[in-house]
Amino acid sequence: MKPVEFPGNPPQQQVGIGMVCPFDMALDRELWRWMPDSVSLYFTRTGFLEAPVDVDLCRDLNNHSEIAAAVRSVLAVGPRAFGYACASGSFVYGMAGAQELSHCMLAAGAPAAVTTSEALVRALDVMEIGRIAVATPYTSALTGLLCDFLSESGRSVVAQSGLGRDHEIWTIPYAVTCDLIRSADHPDADAIFVSCTNLWTYDVLGVMEAELGKPVLSANQVTAWATLAEAGVAAESLSVNDGQSLFARVA
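(A) Looking closely at empty space enclosed by the protein. In this structure the tally under the stated criterion is 1 cavity of 30 Å³ or more. By volume, the largest cavity amounts to about 130 Å³. Sorting the residues of the lining of the largest cavity by element identifies α2 (55-61) and α4 (87-91) as the ones contributing at least two each. Of the residues forming the lining of the largest cavity, the biggest block, 3 residues, is contributed by α2. Its residues placed into classes, the lining of the largest cavity shows 12 nonpolar, 3 polar and 1 charged.

Structure, rendered in structure tokens:
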């Protein structure tokens, strides 16, 4: 019998990245879109909480024992780095709270770790952005905590816009997100940050950067960029760019 011939090259050896997400994360596919073929994402979620997306829920999401258990649940497959893919859950207790979450993941066995909010600060540092506009799907109270977090990081929040949404954020269409970004923009803003890892943004970032003439960053984008760097995969080597200026920068 003639041996079977397989087309092309064998699969690449994979670099693993563990992604700890809240129970309601619906956008696994979006994070995959920033990944090169050499990277596999291993998603793990914290426990279900029946509550609207507000400040109280985000404080409950900042649960170190749940996050540590989520990290341990995928350690067997050897991720090189971990991300905590939640903006509000990592900024709700300020800069110190975000850093404590990373330390929690490291203590649970993660070889390297970064939260979405820390990833945002790193991106702003690399891009030398000091004045920022904020666009969120959140309630006003939660948007205010994001602005406090950014101020604590040394940034000036020159404008903000929110949708006041407290449920099913993943159902928000691109057209609404684009209008939200436009409404948040301000002449004094060096960049716009679109918060929430449960908000679709991949396809609009390059388009809005071209329209507004400034960087437009999103929660999932900075998370993907920073976790790739933590895993030793250079973000600038990606063929995926689509006009997103962040992916021209090295973390």
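(B) Seen up close, unusual backbone geometry. Notably, Glu128 is not glycine yet its phi reads approximately 55°, a positive angle. Within the fold, Glu128 resides in the loop between α6 (116-126) and β5 (131-136). We classify Glu128 as exposed; its relative accessible area is 72%. Notably, Glu168 is not glycine yet its phi reads approximately 45°, a positive angle. Its location among the elements puts Glu168 in the loop between β6 (156-162) and α8 (174-184). Classification of Glu168 as partly exposed rests on a relative accessible area of 42%.

(C) Broad picture of helix α5 (residues 94-107). For α5, built from 14 residues, the straight-helix expectation of 20 Å at 1.5 Å per residue is met to within 8% by its first-to-last C-alpha distance of 20 Å. The complete set of buried residues in α5 reads Gly94, Met95, Gly97, Ala98, Leu101, Ser102, Cys104 and Met105.

(D) Molecular detail of the layout of surface pockets. Its boundaries defined by the atoms lining it, the largest pocket holds a volume of some 150 Å³. What lines the largest pocket is a set of 15 residues, among which Asp24, Ala51, Val53, His167 and Glu168 lie closest to the centre.

(E) How the structure looks around the packing of aromatic side chains. The final tally for this structure, using the stated rule, is 4 aromatic pairs. Through a chain of ring-to-ring contacts, the aromatic side chains of Trp34, Tyr202 and Phe247 assemble into a single cluster.

(F) Local environment of the side chain of Gln221. Summarising the element assignment, Gln221 is placed in helix α10 (residues 219-230). Residue class for Gln221 comes out buried when judged on its relative accessible area of 0%. If we skip the residues at most four places from it in the chain, Gln221 touches Trp34, Leu205, Val216, Gln244, Leu246 and Phe247.

(G) Structural context of the pattern of salt bridges. Under the criterion given, the structure shown has 8 salt bridges. For Arg33, the salt bridge identified is with Asp203, shortest N-O distance 2.9 Å. Of this pair, Arg33 sits in the loop between α1 (28-32) and β2 (39-45) while Asp203 sits in helix α9 (residues 202-212); the two residues are 170 residues apart in sequence, bridging distant segments of the chain. Accessibility expressed as a relative area gives 26% for Arg33, which makes it partly exposed.

(H) Structural view of the pairing of β5. In terms of burial, β5 is a largely internal element, 5 of the 6 residues being buried. Of the strand pairs in this sheet, β5 and β6 are connected by 6 bridges, and their pairing is parallel. Among the inter-strand pairings, Thr136 is bridged to a residue of β6, identified as Gly162. As judged from the 4 bridges shared by β5 and strand β7 (residues 191-194), these two strands associate in the parallel manner. In the strand pairing of β7, Val134 is matched with Phe193.

(I) Fine view of the sheet that holds β5. Strand order in the open sheet formed by 4 strands is β6-β5-β7-β8, and the pairing between neighbours is parallel. Sheet topology places β6 and β8 (216-218) at the edges, where each strand pairs with a single neighbour. The mean inter-strand angle of the sheet, taken between neighbouring strand axes irrespective of direction, is 20°. Contacts from α8 reach β5, β6, β7 and β8, with the element oriented near 145° to β5.

Parameters and conventions
Residues numbered from 1 in each chain as written. Predicted model: local features only at pLDDT ≥ 70, side-chain atom pairs only at ≥ 80, totals over all residues. Heavy atoms only, no water. 1 Å grid on protein atoms, 1.4 Å probe; cavity = no way out; pocket = protein on both sides within 12 Å on 5 of 7 lines; lining within 4 Å. Points joined across faces, edges and corners; volume = space filled by probe spheres on them. Helix = DSSP H or I, 4+ residues; strand = E, 2+ residues; numbered from the N terminus. Nonpolar A, V, L, I, M, F, W, Y, C, P; charged D, E, K, R; others polar. Buried < 20%, exposed > 50% of the residue type's maximum accessible area, 1.4 Å probe, protein only. Expected span 1.5 Å × (residues − 1). Phe/Tyr/Trp six-rings, centres within 6.5 Å; stacked < 30°, edge-to-face > 60°. Contact = heavy atoms within 4.5 Å. Salt bridge = Lys/Arg side-chain N within 4 Å of Asp/Glu carboxyl O. Pairing = 2+ DSSP bridges. Axes fitted to C-alpha atoms, helices over the stretch in contact; angles between N-to-C directions.

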